[in-house]
Amino acid sequence: MPSQSFDPRIDQVRSARHFAEAVARRLGCATEEVALVVSELAANACQHAQTPFEVSIERHDSALLVELLDHGPNAVFEMEPPLTAERGRGVRIVATVARSWGVRPHSPEGKLVWAELDCRPLHASTQCQGFPQ
C-alpha cells in the first residue's frame, strides 16, 4: 500500500493532497474525491492531533481505500456546526463523499481514520458531459 509520512504543519496538507492525487492517478482513478478527503483528514490531523501523520492509499476493485494515521488521542466525529461557523465541517465532507468511513484506535495512542471512495475511471473526470469529444 503506497504511503507517505508528513509533519503536523498546515503546509503539509497540500503535500498530502498531491501525494494522494499522484497515487490515485497511478491506480487509474479520478482524483477529485481523494484530494478532497485527504485534504480534510490531513487538516484535521494538523489542527487536532498535532502529531506527524501518515497517508496510505490502496485500490480494491472499484474502490479506493484512504487511510490517515496520527498519534493524537482526540476522537474523530461528525459535527453539525452553526451555519455561521467557519470550521467544523471536515468530517461531514468526508462522510458525504465517501462510500463509508470510520475510525480505529491505534496503539499505544492515536487513531487510523479510513474512507472508502468510488474509483471512477481516470478519463471520466476529464470529459465534459454532453459535449462531443
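Structure: above.
Residues numbered from 1 in each chain as written. Predicted model: local features only at pLDDT ≥ 70, side-chain atom pairs only at ≥ 80, totals over all residues. Heavy atoms only, no water.

Caption draft 1: View of the overall build of the chain. Scanning the chain for helices and strands turns up three helices and five strands. Along the chain, helices and strands appear, N-terminal first, in the series β-α-α-β-β-α-β-β. Buried residues in the chain amount to 38% of all 133 residues. Restricting the contact set of the chain to residue pairs at least 6 apart, pairs at least 24 apart contribute 58%. For the chain, the accessible area works out to roughly 7800 Å², and carbon and sulfur atoms hold 52% of it. (Helix = DSSP H or I, 4+ residues; strand = E, 2+ residues; numbered from the N terminus. Buried < 20%, exposed > 50% of the residue type's maximum accessible area, 1.4 Å probe, protein only. Contact = heavy atoms within 4.5 Å. Areas by Shrake-Rupley, 256 points an atom, 1.4 Å probe, with all protein chains shown as cover.)

Caption draft 2: The arrangement of unusual backbone geometry in detail. Even without being a glycine, Q50 presents a positive backbone phi close to 55°. Relative to the helices and strands, Q50 is located in the loop between helix 2 (32-49) and strand 2 (53-60).

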